[in-house]
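Each chain, written out:
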Amino acid sequence: MSFNIEEIYECLFDDEALAKLPELMARIGNARSAVMHWKHRDGGYEVMGHSYFSQAIIEMTPEVLPIDPWTMACMNRPNELLRLDLVMPERSFETSPACKKLFFDNGDDTTQAMGMVIKSHHGEGVLGVHRGRTQPRFEADDQASLANVVRHFERVLLLRGELAAGRRAAANARAAIDGLSVAIVTVKADLTISILNAAAEAVLKRNDDLTIRRGRLFASSVSVRARLLDAVEGATRRANRTAGALQIPRGGDNGSYVLNIAPLTNGGGAAMALIIFRDPDSIDSTLMDRLRTLFCLTQAEAAIAVELGRGRSAEDIRRVRGVSANTLKAQLKSLMSKMGCARQAEVASVVAALPIIRC
């Protein structure tokens, strides 16, 4: 059949064209159906495109591929266009659990295939065309017709797979920093924000003593703002870059923001500074249960330990909990013994050292 090679390469950045590519591949191979999918190195699958198959089959494909004898045969001979009937007995595929679960249980009679597995350090791509049980077998001419152009399909799938792998890696990295309890912000020398994680975004949206203004990190105090600029300048200058720290007081009895500022290496791009700090208002709903598990504390003892970790005095804790001085003294003695601490300050240090978990 005649077609323009440009039709294939239009799919590199055009999702609508990519969706039509399997249909073109099926026509070239004189097949009934076709599929293109990508397996990431972490085991995740993405179906890049398909023709003919029902949505139920497509959704089940990632689950079945690891036990599919045809796919495994292709993986043993990567980057080579194969015909199922030439690499394994057709009967062994038809009677496999994978074929039954994927096709027969979904009212489909696919039993014939041509395809290839493309291996890359970013993952593996799979190209496949198919026919049903009642259709004629694929012949050498069909394989030759597809072989003449399969390298073009291979390149498109490889590049699209690598782009998908890049997006996946970026999404995983973003999820990782968003899962951290500490606030993370990266800024340029003029305090323009490049990246901030979920914990930092929650703090800066409060619009208190540390916030965002015109896309830049902003401290409400003029003197603090000047010291912040100086610290970031030290972390982003051309030579002798230095790390620093900065305390930003908050109004009332609210805890201060304590910013740790460090140079950020970013592969030769614009100099950046990494700012890390904790949210004084963050509440870890898992902390009490973790303390109880670690040190066999009672619920009351764990609650007192949490308050000590937040910097409250014994008198403040006694007043808030509404207990007598003798009761609190006994509870403190018990929890310090269980935690191996001689002083209340040691308890506070142990609690503060436990990572905050964002649920």
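Just so it is clear, the model here is predicted, and its values are computed rather than measured. (Residues numbered from 1 in each chain as written. Predicted model: local features only at pLDDT ≥ 70, side-chain atom pairs only at ≥ 80, totals over all residues. Heavy atoms only, no water.)

Colleague: Please clarify how the packing of aromatic side chains should be interpreted in this entry.
Modeller: Each aromatic ring pair is described using two quantities: the centre-to-centre distance and the angle formed by the ring planes. This structure, assessed with the given rule, holds three aromatic pairs. Centroid distance Y52 to F53: 6.0 Å. Interplanar angle 70°. Geometry classified as edge-to-face. On the accessibility criterion, F53 (8% relative accessible area) is buried. Taken together, the ring pairs in this structure connect Y52, F53 and F103 into an aromatic cluster. (Phe/Tyr/Trp six-rings, centres within 6.5 Å; stacked < 30°, edge-to-face > 60°. Buried < 20%, exposed > 50% of the residue type's maximum accessible area, 1.4 Å probe, protein only.)

Colleague: Would you take a moment to explain the sheet that holds strand β2 (residues 45-51) for this structure?
Modeller: Two pairing modes exist for strands in a sheet, parallel and antiparallel, and in both the strands are linked by backbone hydrogen bonds. Reading across the sheet, the five strands line up as β2-β1-β5-β4-β3 and stay open at both edges, with antiparallel pairing between neighbours. Lying at the two open borders of the sheet, with one neighbouring strand each, are β2 and β3 (82-83). Summarising the sheet, β3 and strand β4 (residues 110-120) pair through two bridges and their orientation is antiparallel. The partner of L82 across the bridge, within β4, is G115. (Pairing = 2+ DSSP bridges. Helix = DSSP H or I, 4+ residues; strand = E, 2+ residues; numbered from the N terminus.)

Colleague: Even after reading the chapter, I still don't get the nonpolar core, so can you show me in this structure?
Modeller: Formed by 29 residues in total, the largest nonpolar core has its most connected members in L21, M25, M36, L127, V129 and F153. For this core, the secondary structure elements donating two or more residues are α2 (15-28), β1 (33-40), β4, β5 (123-132) and α9 (150-178). If we ignore the near neighbours within four places in the chain, the residues touching M36 are L18, L21, P22, M25, V47, M48, G49, V126, L127 and L157. (Core = buried A, V, L, I, M, F, W, Y, C linked by side-chain atoms within 4.5 Å. Contact = heavy atoms within 4.5 Å.)

Colleague: Would you take a moment to explain the sheet that holds strand β7 (residues 193-196) for this structure?
Modeller: Within the open sheet, the five strands sit side by side as β7-β6-β12-β11-β10. Their pairing is antiparallel. Each having just a single partner strand, β7 and β10 (244-248) make up the two edges of the open sheet. Each strand of the sheet is rotated relative to its neighbour by a mean of 25°, with strand direction disregarded. Pairing between strand β6 (residues 183-187) and β7: three bridges, direction antiparallel. (Axes fitted to C-alpha atoms, helices over the stretch in contact; angles between N-to-C directions.)

Colleague: I tried to follow α9 on my own but got confused; where do I start?
Modeller: Side chains three or four residues apart in an α-helix point the same way, a direct result of the helix having 3.6 residues per turn. Relative to the 42 Å expected for 29 residues at 1.5 Å per residue, α9 spans 41 Å between its end C-alpha atoms, a close match to the ideal helical length. When we look at burial in α9, the residues that qualify are V150, H152, F153, E154, V156, L157, R160, G161, A164 and A165. (Expected span 1.5 Å × (residues − 1).)

Colleague: So what exactly am I meant to see when it comes to a negative patch on the surface here?
Modeller: Negative charge collects at one region of the surface, where E6, E7, E10, D14 and E16 lie side by side. With respect to the element layout, E10 can be found in the loop between α1 (6-9) and α2. (Patch = residues over 30% accessible without salt bridge, like charges linked within 9 Å, V, L, I, M, F, W, Y side chains within 5 Å. Areas by Shrake-Rupley, 256 points an atom, 1.4 Å probe, with all protein chains shown as cover. Salt bridge = Lys/Arg side-chain N within 4 Å of Asp/Glu carboxyl O. Lys, Arg positive; Asp, Glu negative; His and termini not counted. Charge placed at Lys NZ, Arg CZ, Asp CG, Glu CD.)

In short, shape yes, function no, at least from these values alone.
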